[in-house]
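Descriptive analysis of the structure
Residues per chain are reported as follows:
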Amino acid sequence: MTKPGDVSLKQNGPSDTPDLARGLRAFGKTVDGRLAASLNACVHCGLCADSCHYFLANGDLKAQPAFKVALVQSVFKRYHTSLGRRLPVLTGGRDLDAAMVQEWIDSLFGLCSLCSRCTLNCTVGLDISRIVRAGRSTLAAMKLVPSELQATVDTAIQTGNNMGISKAEWLETAEWLNEELQKELGSKGTMLPIDRQGANVLYAVNPREVKFFPLSLMAAARIFHAAGESWTFSSDYYDVTNYGLFNGDDKAAGLISSRLQESVQKLKCRMLILGECGHGFAANRWEAPEWLAKTPEFEIKSVVQLLADYIRQGRIKLDRSKNTKRVTLHDPCNLVRMGGVIEEQRFILSHAVTDFVEMYPNRENNFCCGGGGGQLSMTRYAKRRLEAGKIKAEQIRKTGAKIVATPCHNCVDQLGELNKEYKLGVEIKTIAEIVSDALVLQQNS
Amino acid sequence: MNSIPALHLGLAIAAIYAAIALVFMLFRTSAIGRKPIYSKAAGSESEGIKYAFTQGMMPSAKESVRKHVPTFVGGILYHAGIFVATLNLLLVITHMTVFPAVVLGLRSLILAGLVSGIALLAKRLALPKMRIISTPDDIIANVIVDLFLAISIASTMSAKLEAWLLGIAILLLLYIPMGKIRHCVFFFYTRIIFGRLFGRRGVFPHSTQESRAGSG
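Residues numbered from 1 in each chain as written. Chains lettered and ligands numbered in written order. Predicted model: local features only at pLDDT ≥ 70, side-chain atom pairs only at ≥ 80, totals over all residues.

**Some remarks on the overall build of chain A**
- Scanning chain A from terminus to terminus reveals 23 helices and eight strands.
- Relative to the compact-globule value of 22 Å for 445 residues, chain A shows a C-alpha radius of gyration of 22 Å, a close match.
- By sequence separation, contacts in chain A at least 24 residues apart represent 80% of the contacts at least 6 residues apart. (Helix = DSSP H or I, 4+ residues; strand = E, 2+ residues; numbered from the N terminus. Rg over C-alpha atoms; globule rule 2.2 N^0.38 Å. Contact = placed C-beta atoms within 7 Å.)

Right, dumping it as structure tokens:
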């Protein structure tokens, strides 16, 4: 495993020398009005520090959001402000050189999960995640994205999903799960439809579900079956994740999202339903239209919103008494703070469990678990990631819950690791799994 | 030779320069990479902007503020002091006479601002956490403003200090567009961006009283 300090330029690029001219051109392209305003408005008050789980976990001064902003701001001032060009010392302007690039990699990739909690707590309201991502985009243009994260993006582009699952393996898994569900439900119909033309819903999932968490897929299929939903998977593109959001490469991110959108159109579906994945929601619901400069002609929703609709419309019935252990909820940053899906998961849990308790703070103020921003893929920063997760672990411990529900598979993975690291003794479940456990299946369903 | 008329002229020129430079910067910034937004809104941008300038600025909405009340109060007093000192400058250059009680009130507010400004500067210099994010611009801007506040206070006690007040005001106005004090306009721009982003996504306005409880 690579150590944090080893994020050398050698490992990431074809040569030892970063292409700084290319980086500066790329940085210039990221500077739009929103970014320039933010970089002009930071007053270095430092009040954002305590909102960051990295800073709170170990007090590393370089982890405070204002430091990350200052790193990007110093290059902005050096090349994009008149005083900075003439008197860089006065404004804190710095050249984008090899040393700065190294600092950017370590700080912008290694000390940030792009959770945006600092943005909410900024006295000015700077979009700090956007600033950090602009730095990542610049590094991406110089081919200096940490190799593990870049590999995740490359795999998604080359194979259609970030885990490199072959189409044959995917279809085989779906067939096996289909048989299992047919046995369980005593039905001969197709439980996991693939490439069903004209289905109402195209369902996209995290490929980790296919590889490691098939029960999660079964849970969703069971719910769709109970709701009488017309739905389908795509045999080609079913990956809800988009690590292009994290490596900063808009072109790659746009390509990944465009494939899902094309699948919806190809299968003539009415809705793209995004499985439980925080960043997948933010990427496909909010960012993809901007990357692709096109408003989708179909509806894009989180499966959490769809499940809430099913309950409201009486399409599924839940028995809360089937889930009696105390449950708390972890809010994925990209679904909640940056996504706006805030109350639906609470509404669902209020119908699916008997003992629900909030962790504090919650909703848009919730702390990141530490798994976002591509951190789960960047193994070189694993130690920092687990350390930063201490804040979340303490939040969970205080609730006394036995189950932590979260509508995000990346969060599931990180929370699972925190569970072991901090000996929390909890189960981590997705919302669909909890709903599936509480599902009342009708005789004729 | 009486330098006051020349300083008045200098002040007017500096004020016009600062205003034009700031407006130019705002327009130039807003024009960079401007493009339409393609994602379908889930909430209201205008409601988000309203939130950004009202509830969203309250301590109840910001854990960072709740955890640092002295700094927050210091910042409020500092900015209030600057506004009052600017008002005092207008009184001085128009030779408008006000009641002694008003002068005392102005002086007290500017003094509170000055003390806050010095305290914020001391914090910036003393804490490693602040030093690592500070630039010479942060120090210079604070010092110029503190001098403006100090001379403003002194000018309320002696009319002989008008030239000094005009001189520091000119320096301040010339510095505003160059350094961090440009946040006086970019602050509003950024809050609008904040409101649009979170309003559009349906995050704000949102009833979050529950979410903040126990958050420190």
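**Quick word on the domain arrangement of chain A**
All names here are of chain A.
- As far as domains go, chain A holds domain 1 (4-144), domain 2 (153-312) and domain 3 (320-438).
- Taken over C-alpha atoms, the centre of domain 1 sits 34 Å from the centre of domain 2.
- Listed as interface residues are six residues of domain 1 and, on the opposing side, five residues of domain 2.
- Each residue belonging to the side of domain 1 that touches domain 2 can be placed in one class, and the counts come to three nonpolar, one polar and two charged. (Domains from an automatic or database assignment. Nonpolar A, V, L, I, M, F, W, Y, C, P; charged D, E, K, R; others polar.)

**Side note on unusual backbone geometry**
- Here the residue pair Tyr 360 of chain A and Pro 361 of chain A is connected by a cis peptide bond, since its omega of -10° sits within 30 degrees of zero.
- Considering the arrangement of structural elements, one finds Pro 361 of chain A in the loop between β6 (356-357) and α20 (382-388).
- The omega torsion of the bond from Phe 204 of chain B to Pro 205 of chain B falls at -10°, within 30 degrees of zero and hence cis.
- Relative to the elements of secondary structure, Pro 205 of chain B occurs in the loop between α9 (183-200) and α10 (209-212).

**Some words on helix α7 (residues 136-155) of chain B**
- Over its 20 residues, α7 of chain B runs 28 Å from end to end, which matches the ideal 28 Å to within 8%, given 1.5 Å per residue.
- Of the positions making up α7 of chain B, those classed as buried are Asp 137, Asp 138, Ala 141, Asn 142, Val 145, Asp 146, Phe 148, Leu 149, Ile 151, Ser 152, Ile 153 and Ser 155 of chain B.
- Buried positions along α7 of chain B lie against α7 (88-91) of chain A together with α4 (69-94), α5 (100-126) and α8 (162-175) of chain B. (Expected span 1.5 Å × (residues − 1). Buried ≥ 20, exposed ≤ 12 C-beta atoms within 10 Å, placed from the backbone.)

**A word on the sheet that holds strand β7 (residues 403-405) of chain A**
All names here are of chain A.
- Pairing is parallel across the open sheet formed by four strands, whose spatial order is β6-β5-β7-β8. Either end of the sheet is taken by a strand with one partner, and the two such strands are β6 and β8 (427-429).
- Two strands pair when backbone bridges link them, and β7 and β8 are joined in this way by three bridges, in the parallel orientation. The partner of Ala 405 across the bridge, within β8, is Lys 429.
- Taken strand by strand, helix α19 (residues 344-352) contacts β5 (327-329), β6 and β7, and its axis lies near 170° from that of β5. (Pairing = 2+ DSSP bridges. Axes fitted to C-alpha atoms, helices over the stretch in contact; angles between N-to-C directions.)

**Focus: helix α11 (residues 147-159) of chain A**
All names here are of chain A.
- Helix length check: α11 (13 residues) gives 18 Å between terminal C-alpha atoms against 18 Å at 1.5 Å per residue, within 8%.
- Every buried residue of α11 is listed here: Leu 149, Gln 150, Thr 152, Val 153 and Ala 156. Considered in projection along α11, the buried side chains sweep an arc of 155° and stay on one side of the axis.
- Each element contacted by the buried residues of α11 is listed here: α15 (244-247) and α16 (250-266). (Arc of directions from axis to C-beta.)

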